[in-house]
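Analysis of the macromolecular model
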Amino acid sequence: MAVLEPKICVWSDLTTEHLDVIFSASTNENLMSVLADVCKIEDNDDIKNQILLEFYFHTIQFAKGKGMNYAQTSSLFTIMRLVHAMCTSTPYNNNKATFAFFKQLLVKHSLQRPPYSVGVFNVSQVQAITDYALNTYFRHFDMYKYAFTPKVRVDITFHYDGVPASPEPVEEPDTSSPVEEEVVDEPVQEEEEQPEPEPESEEMKQLREMIQVAMGTELKQLQSRLEKLITEQDVKISKQVEELEESLGLKPGSKSPGPKKRK
């Protein structure tokens, strides 16, 4: 996984010539076509390219809607492209790391401290860009992660000491082109007698007896604990029932409190 570092993004992807063509696009279809040419997206039928092209399109539309100049638009475009690259750099969850990387990129372009940062955006633009990124890209972060990163598959293999490893599966010969063969009557062979199982060794007998003794002891202890727990619960419940009956006057030998007779 490549480690991405925040950098100054002005004119990194979009030059003034590119932006002249982008800002002169009259329709959305024309703008999409221009972005596909500028970003070198050739296969427009691929679902990943469609998602990426739409992502770039809305980024440019946001910049135009906020009245950003060429330098600001170029910086925003590359910032969002690097954010997407950070998101898709690993199939594992890196939401917090990607958002921290996004904020570092914004800082790089909001303070005039060359050569460490440049003051491309003002405070209000930084706030607007942050709201835009949260409401668009980071809201659909999992969707971008699912579409652009490979699925992780884990195969677990166990090896036990003293047990031979399972043989590798052998590929069956290709039978796509059958060959005619003469049918030959073969004599029926008598079923071979299956070999009797080998007698259990003395070590295995001792091991089996030790396991049975240990299991029996554990089961007895578990049964004893369960019986003790059930007995304690019964005593506790009986005591609560007696206290409730006594408070209501329902205990055997006690009279139920009833209405007093009038004289």
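For the structure, check the block above.
Let me sum up the structure you'll find in this document. The shown structure was predicted, so the numbers you read here are calculated from the model rather than taken from an experiment. (Residues numbered from 1 in each chain as written. Predicted model: local features only at pLDDT ≥ 70, side-chain atom pairs only at ≥ 80, totals over all residues. Heavy atoms only, no water.)

Structural notes on the overall build of the protein
- On a plain count of helices and strands, the protein comes out with 8 helices and 2 strands.
- Mapped in sequence order, the helices and strands of the protein form the string α-α-α-α-α-β-β-α-α-α.
- Across the 263 residues in the protein, those meeting the buried criterion constitute 23%.
- In the protein, of all internal contacts separated by at least 6 residues, the share reaching a separation of at least 24 is 65%.
- When the accessible surface of the protein is totalled, it reaches about 21200 Å², and 54% of it is carbon and sulfur. (Helix = DSSP H or I, 4+ residues; strand = E, 2+ residues; numbered from the N terminus. Buried < 20%, exposed > 50% of the residue type's maximum accessible area, 1.4 Å probe, protein only. Contact = heavy atoms within 4.5 Å. Areas by Shrake-Rupley, 256 points an atom, 1.4 Å probe, with all protein chains shown as cover.)

A look at the packing of aromatic side chains
- Considering all chains together, one arrives at 13 aromatic pairs under this definition.
- Taking 5.6 Å as the distance between ring centres and 40° as the angle between the ring planes, the aromatic pair formed by Phe55 and Tyr56 counts as tilted.
- Relative to Tyr132, the ring of Phe62 lies with its centre 4.2 Å away and its plane at 15°, an arrangement referred to as stacked. Of this pair, Phe62 sits in helix H3 (residues 47–65) while Tyr132 is found in helix H6 (residues 123–135), placing the two residues 70 residues apart along the sequence. Per residue, the accessibility class of Phe62 equals that of Tyr132, and both read buried.
- The ring of Phe23 carries the charged tip of Lys64 above its face, separated from the ring centre by 5.9 Å. (Phe/Tyr/Trp six-rings, centres within 6.5 Å; stacked < 30°, edge-to-face > 60°. Lys NZ or Arg CZ within 6 Å of the ring centre and 35° of its normal.)

Section: a nonpolar patch on the surface
- Together, Met204, Leu207, Ile211 and Met215 make up a nonpolar patch on the protein surface, roughly 380 Å² of accessible area in all.
- The class of Leu207 is partly exposed, set by a relative accessible area of 42%. (Patch = residues over 30% accessible without salt bridge, like charges linked within 9 Å, V, L, I, M, F, W, Y side chains within 5 Å. Salt bridge = Lys/Arg side-chain N within 4 Å of Asp/Glu carboxyl O.)

Concerning the packing of helix H2 (residues 28–38) against H3
- Their axes nearest at 10 Å, the elements H2 and H3 cross at an angle of 115°. Helix-helix and strand crossings are classified by hand; for H2 and H3 the assignment is right-handed. In this structure, H2 uses Asn28, Leu31, Met32, Leu35 and Ala36 to contact H3, whose residues at the interface are Leu53, Tyr56, Phe57, Ile60 and Gln61.
- Looking at the contact of H2 with H3, its residues break down into 8 nonpolar, 2 polar and no charged. (Axes fitted to C-alpha atoms, helices over the stretch in contact; angles between N-to-C directions. Left-handed = near helix turned anticlockwise from the far one by under 90°. Nonpolar A, V, L, I, M, F, W, Y, C, P; charged D, E, K, R; others polar.)

Description of the packing of helix H4 (residues 70–87) against helix H5 (residues 95–108)
- It is at 9 Å that the axes of H4 and H5 come closest, and there the two elements cross at 155°. Relative to H5, the element H4 lies roughly antiparallel. Relative to H5, the crossing made by H4 is right-handed. On H5, the residues that touch Ile79, Met80, Leu82, Val83, Met86 and Cys87 of H4 are Ala97, Thr98, Phe101, Phe102, Leu105 and Leu106.
- When the residues that make up the contact of H4 with H5 are grouped by side-chain class, the tally is 11 nonpolar, 1 polar and no charged. (Parallel < 35°, antiparallel > 145°, perpendicular 65-115°, else oblique.)

Notes on the side chain of His84
- In this fold, His84 is placed in helix H4.
- Looking at His84, its side chain comes within polar contact range of the side chain of Tyr137, at 2.9 Å.
- When residues no more than four places from it in sequence are discounted, the contact partners of His84 are Leu52, Phe55, Tyr137, Tyr144 and Phe148. (Polar contact = N/O pair within 3.5 Å; in protein donor to acceptor, adjacent residues only side chain to side chain.)

Focus: the pairing of strand S1 (residues 110–113)
- The sheet contact formed by S1 and strand S2 (residues 117–119) spans 2 bridges and is antiparallel. What sits directly across from Ser110, in S2, is Gly119.
- In sequence, S1 turns back onto S2 through a hairpin of 3 residues. (Pairing = 2+ DSSP bridges.)

Quick word on the nonpolar core
- Ranked by size, the top nonpolar core spans 44 residues in total, and within it Ile22, Leu35, Leu76, Ile79, Phe102, Ile129 and Tyr137 carry the most contacts.
- Counting residues per element, the ones that place at least two in this core are helix H1 (16–23), H2, H3, H4, H5, H6 and helix H7 (141–148).
- Contacts of Ile129, omitting those with residues within four sequence positions, involve Phe62, Met68, Leu76, Phe102, Leu106 and Phe121. (Core = buried A, V, L, I, M, F, W, Y, C linked by side-chain atoms within 4.5 Å.)

With respect to unusual backbone geometry
- At the junction of Pro114 and Pro115, the peptide bond is cis and its omega measures out at 5° in the coordinates.
- Secondary-structure assignment places Pro115 in the loop between S1 and S2.
- Residue Trp11 is not a glycine yet carries a positive backbone phi of 65°.
- In this structure, Trp11 sits in the segment before H1.
- The backbone phi angle of Lys40 is positive, close to 60°, even though this residue is not glycine.
- Examined against the element boundaries, Lys40 turns out to sit in the loop between H2 and H3.

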